[in-house]
Amino acid sequence: MREYILRPNRRHKGFKMPPKLTDRAWAAGFFDGEGCVMGRDRKFDHTPNKCIHLELTVNNTHKKSIERLKELFNGNIQFIQSTNRCKDTWRWVASANVARIFLKSTLPYLITKKEQAEIGLKLLNLKNFQWSSERYSQEQELLNALRLLNKKGKREN
């Protein structure tokens, strides 16, 4: 199994050294069961170019588990108040460098979301290059592959 070298990014306040292997394995299992890797087209006002925004989310009614993800990897927590008889939900959200660190550190342990995580890392790695229409078309291909994997219903092999 390939072990990734993880370095804390000093720009993210409070980021500690990478989590222990047991914490990475726990986070991967939790993410496999409750998480989502999603991307979408974004266009910002300050630039004429479009780009793909990658986001990781985990929704759960157990607040302490969501807080544990934030403690281990940073990210943000959102509270979703129930409008019907369902329980209130907490959502952990990660993008950019937090998503990259999370995916790199949990990839060896992922099963269900492994393909999505690999595509997510490829998308994030494209961000290291200057914007071009060629790069955007590569991002679009990866986004379409991710959407196909995330599509609900029966899959055809």
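**Student:** Honestly, the overall build of the protein chain in this entry has me stumped. Any pointers?
**Tutor:** Looking only at helices and strands, one finds five helices and four strands in the protein chain. Each helix and strand of the protein chain, ordered N terminal to C terminal, gives the series α-β-β-α-β-β-α-α-α. Considering only contacts within the protein chain whose residues lie at least 6 apart along the sequence, 60% involve residues at least 24 apart. For the protein chain, the exposed surface amounts to about 10300 Å²; the carbon and sulfur share of it is 50%.

**Student:** When you look at the environment of L54 in this model, what are you seeing that I'm missing?
**Tutor:** Mapped onto the secondary structure, L54 falls in strand β2 (residues 50–60). Separated by 41 residues in sequence, L54 and S95 have C-alpha atoms that sit 6.0 Å apart. Here L54 is in contact with V37, M38, G39, A94, S95, A96, L103, G120, L123, L124 and L146, once residues within four sequence places are set aside.

**Student:** Explanation requested: the confidence of the model for the protein chain in the structure shown.
**Tutor:** In this model, the protein chain carries a mean pLDDT of 87, and residues with pLDDT of at least 70 account for 85%. Across residues 1–5 the pLDDT falls below 50, and counting only partners more than four positions away or on other chains, this stretch makes six contacts in the model.

**Student:** In this structure, what is going on with the sheet that holds β2? I would like to understand it.
**Tutor:** Strand pairing within a sheet occurs via backbone hydrogen bonds; the two strands may be parallel or antiparallel. Pairing is antiparallel in the open sheet, where four strands are placed in the order β1-β2-β4-β3. Strands with a single pairing partner mark the edges of an open sheet, and in this sheet they are β1 (35–43) and β3 (76–80). On average, each strand axis in the sheet is inclined to that of its neighbour by 30°, with strand direction left out of account. Two elements, β1 and β2, share nine bridges in a ladder whose sense is antiparallel. The partner of C36 across the bridge, within β2, is T57. Sheet strands touched by helix α4 (residues 114–126): β1 and β2. Its angle to β2, the strand with the most contacts, is close to 140°.

**Student:** Can you walk me through the packing of helix α1 (residues 21–34) against helix α2 (residues 63–73) in this structure?
**Tutor:** Between two packed helices, both the angle of their axes relative to each other and the distance between the axes serve to describe the pair. Axis separation between α1 and α2 bottoms out at 11 Å; the angle between their running directions is 130°. Comparing the axis directions of α1 and α2 gives the class oblique. The hand of the α1/α2 crossing is left-handed. Contacts from D23, W26, A27 and F30 in α1 reach S65, I66, R68, L69, L72 and F73 in α2. Grouping the amino acids of the contact of α1 with α2 by side-chain chemistry returns seven nonpolar, one polar and two charged.

**Student:** Would you mind showing me how to read the nonpolar core here?
**Tutor:** For soluble globular proteins, the rule of thumb is that nonpolar side chains tend to be buried together. Counting residues in each nonpolar core, the largest one holds 34 residues, and the members touching the most others are L56, L69, F73, W92, F102 and L103. When contributions to this core are tallied by element, the ones reaching two or more residues are α1, β2, α2, β4 (89–95), α3 (96–106), α4 and α5 (133–150). Tallying contributions element by element places α4 first for this core, with six residues. Every residue in contact with L56, bar those within four places of it in the chain, is listed here: F31, C36, V37, W92, V93, A94, A99, F102 and L103.

**Student:** What should I look at first to understand the pattern of salt bridges in this one?
**Tutor:** One side chain can pair with another of opposite charge once the charged atoms of both are near each other. Following the criterion strictly, the structure yields six salt bridges and no others. Residue D23 is joined to R68 by a salt bridge in which the shortest nitrogen-to-oxygen separation is 2.9 Å. On the criterion of sequence distance, the pair formed by D23 in helix α1 and R68 in helix α2 is long-range, its members being 45 residues apart. D23 sits in the buried class, given a relative accessible area of 13%. In this structure R68 comes out as partly exposed when scored by relative accessible area, which is 26%. Of the charged contacts in the structure, one is a salt bridge between R68 and E71, with a shortest N-O distance of 2.6 Å. Highlighted residues: R68 and E71, both in helix α2, separated by three residues, approximately one helical turn. Shared partners join several salt bridges into a network, and the residues in it are D23, R68 and E71.

Parameters and conventions
- Residues numbered from 1 in each chain as written.
- Predicted model: local features only at pLDDT ≥ 70, side-chain atom pairs only at ≥ 80, totals over all residues.
- Heavy atoms only, no water.
- Helix = DSSP H or I, 4+ residues; strand = E, 2+ residues; numbered from the N terminus.
- Contact = heavy atoms within 4.5 Å.
- Areas by Shrake-Rupley, 256 points an atom, 1.4 Å probe, with all protein chains shown as cover.
- pLDDT = per-residue confidence, 0-100.
- Pairing = 2+ DSSP bridges.
- Axes fitted to C-alpha atoms, helices over the stretch in contact; angles between N-to-C directions.
- Parallel < 35°, antiparallel > 145°, perpendicular 65-115°, else oblique.
- Left-handed = near helix turned anticlockwise from the far one by under 90°.
- Nonpolar A, V, L, I, M, F, W, Y, C, P; charged D, E, K, R; others polar.
- Core = buried A, V, L, I, M, F, W, Y, C linked by side-chain atoms within 4.5 Å.
- Buried < 20%, exposed > 50% of the residue type's maximum accessible area, 1.4 Å probe, protein only.
- Salt bridge = Lys/Arg side-chain N within 4 Å of Asp/Glu carboxyl O.

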